[in-house]
Amino acid sequence: TGYATIENALESFQLGSFDFVPKPFDVEELVSVVDRALRFFGHPAPGPTTDTTQYFLGRHSWARLDADGSATLGAAETIALATAPIKSIDCTEPGGHSNQGECLCRISTQDGFVHRVWAPLSGQIISHNPDLTADFDLIRRQPLAAGWLARVIPNRLEKELVNLSRLEPSNDS
């Protein structure tokens, strides 16, 4: 888009876009999104694997509301299924703030690409996933559970949940 606003990013995900590339961008960023899309659409569609209700920003990122009033945020299938092995993760530091539709984390992969994870909710970052320090691959193996990225105290929850799609726990036996 020529007008990179949060509203445009949210609308593009609601309309089913694979990702959102705001201007200005460099060629490497565009190539990383195209590479991830090609990898993603070459995989079989995953089935629901969650036992809790999760809210999704497109197929890109997710949020789970926790009992203590916080929310857990993570990367969804377009990151987890479609990237090379992860080399590093750079997230907004605890005490910082995430804004829905803006960059929460940058994931660098061993193929030299950097993938932005868009925040599904706004809020103050209270922690990162300590298990990712020892095992980045948790994002790829268990993206909707152990591979979470950050926990936040949401500050516009009711207003922002309407921008997300909801996945209920599976009752399959």
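If you're wondering where the values come from, they're calculated on a predicted model, not measured in any experiment. (Residues numbered from 1 in each chain as written. Predicted model: local features only at pLDDT ≥ 70, side-chain atom pairs only at ≥ 80, totals over all residues. Heavy atoms only, no water.)

Undergrad: What should I look at first to understand the sheet that holds strand β8 (residues 123-128) in this one?
TA: Picture the strands of a sheet paired through backbone hydrogen bonds; they go either parallel or antiparallel. Taken in spatial order, the 7 strands of this open sheet run β5-β8-β9-β3-β2-β1-β10, and their pairing is antiparallel. Strands with a single pairing partner mark the edges of an open sheet, and in this sheet they are β5 (97-98) and β10 (165-167). Relative to strand β9 (residues 150-154), β8 runs antiparallel, the two being bridged by 5 bridges. Pairing of S127 across the sheet is with R151, part of β9. (Pairing = 2+ DSSP bridges. Helix = DSSP H or I, 4+ residues; strand = E, 2+ residues; numbered from the N terminus.)

Undergrad: What exactly am I supposed to notice about the pairing of strand β2 (residues 61-65) here?
TA: Within a regular beta strand, the side chains point alternately toward one face of the sheet and then the other, so they alternate between its two faces. Of all 5 residues in β2, 4 are buried, a share of seventy percent or more. Strand direction decides the pairing type here: strand β1 (residues 54-57) and β2, joined by 3 bridges, are antiparallel. Pairing of F56 across the sheet is with W62, part of β2. Counted along the chain from β1 to the antiparallel partner β2, the turn is 3 residues long, and its residue G58 has a positive phi close to 60°. Judged from the 5 bridges that link them, β2 and strand β3 (residues 71-75) form a sheet pairing that is antiparallel. Looking across to β3, one finds that A63 is bridged to L73. Here β2 folds back onto β3, and the loop between the two strands holds 5 residues, one of which, G69, carries a positive phi near 95°. (Buried < 20%, exposed > 50% of the residue type's maximum accessible area, 1.4 Å probe, protein only.)

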